[in-house]
Amino acid sequence: MYRLKSLLTACFVCMVVQFGVFGQQKKKTTTSKVSKTATTQSNTSSTPNNVSVKQSTGPQSNLQGFKANKMSTRNGRFGVPEEIAPDRFGLRGGIGQVILLEGEQTDLIPTFEIGAFANIGFTSRSRFQPEINYQSKATKKNDITSHVNTLNIPLLYQYRFGYDAKSFFIEVGPYASYLTSTNSSSVNNTIDLSGLSFGDKVEVGAVVGAGYRFDKRWFVDLRANYSLKKIKDFNNFTTVSLGVGYGF
């Protein structure tokens, strides 16, 4: 009997000790949760209402943020700022000098050209620029000045070095010219072209040039027109010209 009482007393003491330890652990856990909640509320209250706080998830999150910022600042075609390289129409004029490719060279006499163009983007740097120009090519020999007036249509591929409004560019492409009129100071009158067929009045060649854009509208370029198929009964020549253009 005495042993049974001792055993029951020992079990009761163990139960009391266990319940005491469990209560202390539960109290610590509750206190820790309350402390974390208070810290979170404090951080939230210190953040302005109009600012959202986002946790970074590593390099992938930073990369997505960079792409979003890039797209927001480059919202034009092909990732180019719309105010820098839009499709434009414009006017271009220039002065130049004829260089004969056959026969004796002529005296220096300026020629001129004026026309319109369209500048269309393929990519951020590659452009297509068709033009229609009126050209008056002049030659002078033995005090006789001859003018050859043509309608010139170049189809140019243009490549720009850089995304900025100020940039260098190169251009190359074919051209075709149609003879509209010609005159000479020796006869002081327009020469009759009725004896020439349509094909006889056509000149075909290549254009190569380079230029610089001062801003998103103004540019200057230097070109050379090389004749591959000349107009009938006229000398084969090339023209070097310096031009200025303005895009609307």
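Definitions and cut-offs
- Residues numbered from 1 in each chain as written.
- Predicted model: local features only at pLDDT ≥ 70, side-chain atom pairs only at ≥ 80, totals over all residues.
- Heavy atoms only, no water.
- Phe/Tyr/Trp six-rings, centres within 6.5 Å; stacked < 30°, edge-to-face > 60°.
- Buried < 20%, exposed > 50% of the residue type's maximum accessible area, 1.4 Å probe, protein only.
- Core = buried A, V, L, I, M, F, W, Y, C linked by side-chain atoms within 4.5 Å.
- Contact = heavy atoms within 4.5 Å.
- Pairing = 2+ DSSP bridges.
- Helix = DSSP H or I, 4+ residues; strand = E, 2+ residues; numbered from the N terminus.
- Salt bridge = Lys/Arg side-chain N within 4 Å of Asp/Glu carboxyl O.
- Polar contact = N/O pair within 3.5 Å; in protein donor to acceptor, adjacent residues only side chain to side chain.
- pLDDT = per-residue confidence, 0-100.

Student: Account for the packing of aromatic side chains, with residues named and values stated.
Tutor: Here the structure, examined in full by the defined rule, presents 10 aromatic pairs. A centroid spacing of 6.0 Å and a plane angle of 15 degrees characterise the contact between Phe-122 and Phe-128, whose relative ring orientation is stacked. For Phe-128, a relative accessible area of 26% corresponds to the partly exposed category. Judged by centre distance (5.4 Å) and plane angle (85 degrees), the ring pair of Tyr-212 and Phe-214 falls under edge-to-face. For Tyr-212, a relative accessible area of 24% gives the class partly exposed.

Student: Residues and numbers for the nonpolar core, please.
Tutor: One finds Val-148, Leu-179, Leu-193, Leu-196, Ile-231 and Phe-234 forming the largest nonpolar core, which totals 6 residues. When residues no more than four places from it in sequence are discounted, the contact partners of Val-148 are Gln-135, Ser-136, Lys-137, Leu-179, Ser-181, Thr-182 and Phe-234.

Student: Which residues make up the pairing of strand β7 (residues 202–213), and what are the values?
Tutor: The pairing of strand β5 (residues 167–184) with β7 spans 12 bridges and is classified as antiparallel. Bridged to Gly-173 within β7 is Val-207. Alignment of β7 against strand β8 (residues 218–229), held across 10 bridges, turns out to be antiparallel. By the bridge assignment, Ala-210 is partnered in β8 with Leu-222. Connecting the antiparallel pair β7 and β8 is a turn made up of 4 residues.

Student: So what's going on with the pattern of salt bridges? Residues and values would help.
Tutor: Per the stated rule, a full pass over the model turns up 6 salt bridges. Ionic pairing is found between Arg-92 and Asp-221, a salt bridge with its closest N-O pair at 3.1 Å. Of the two residues, Arg-92 is situated in strand β1 (residues 88–100) and Asp-221 in strand β8; the sequence distance between them amounts to 129 residues. On the basis of relative accessible area, Asp-221 is assigned to the buried category, the value being 1%. One connected set of salt bridges, linked through shared partners, spans Arg-92, Glu-113, Glu-131, Glu-171, Asp-221 and Arg-223.

Student: Let's hear about the environment of Tyr-134: which residues, and what values?
Tutor: Assignment of secondary structure puts Tyr-134 in strand β3 (residues 126–141). Between the alpha carbons of Tyr-134 and Ala-116 there is a distance of 9.4 Å; along the sequence they are 18 residues apart. When residues no more than four places from it in sequence are discounted, the contact partners of Tyr-134 are Phe-112, Glu-113, Ile-114, Asn-149, Thr-150 and Thr-180.

Student: Could you give an account of the environment of Gly-211, with specific residues and numbers?
Tutor: Mapped onto the elements of the fold, Gly-211 is located in strand β7. A relative accessible area of 11% means that Gly-211 is categorised as buried. Considered as a pair, Gly-211 and Gly-243 are 32 residues apart in the sequence and their alpha carbons are 9.1 Å apart. Dropping the residues within four chain positions of it, Gly-211 is found in contact with Ser-167, Phe-168, Phe-169, Val-220 and Asp-221.

Student: So what's going on with the pairing of strand β9 (residues 237–247)? Which residues, and what values?
Tutor: Bridge count between β1 and β9: 11 bridges; the pairing is antiparallel. Its bridge partner lying in β9, Gly-94 is registered against Gly-243. Here β8 runs beside β9; their pairing, made up of 9 bridges, is antiparallel. Bridge pairing in β9 links Tyr-226 to Thr-238.

Student: Give a detailed account of the environment of Glu-131, specifying residues and quantitative values.
Tutor: Topologically, Glu-131 is positioned in strand β3. Sequence separation of Glu-131 and Gly-115 is 16 residues, and the distance between their C-alpha atoms is 7.1 Å. Each residue touching Glu-131, except ones within four places of it in the same chain, is listed here: Arg-92, Ala-116, Phe-117, Asn-152, Ile-153, Pro-154, Leu-156 and Arg-223. For Glu-131, the side chain forms a polar contact with the side chain of Arg-223, separated by 2.5 Å.

Student: How would you sum up the confidence of the model for the chain? Please name residues and give values.
Tutor: With 60% of its residues at a pLDDT of 70 or more, the chain has an overall mean of 75. For the chain, helix α2 (residues 59–73) is the element with the lowest average pLDDT, namely 44, and β7 is the one with the highest, namely 96. Scored below 50 in pLDDT, residues 49–57 shows 3 contacts in the model against residues more than four places distant or in partner chains. Under a pLDDT of 50 for its full length, residues 65–75 has, in the predicted model, 6 contacts with residues more than four places off or in other chains.

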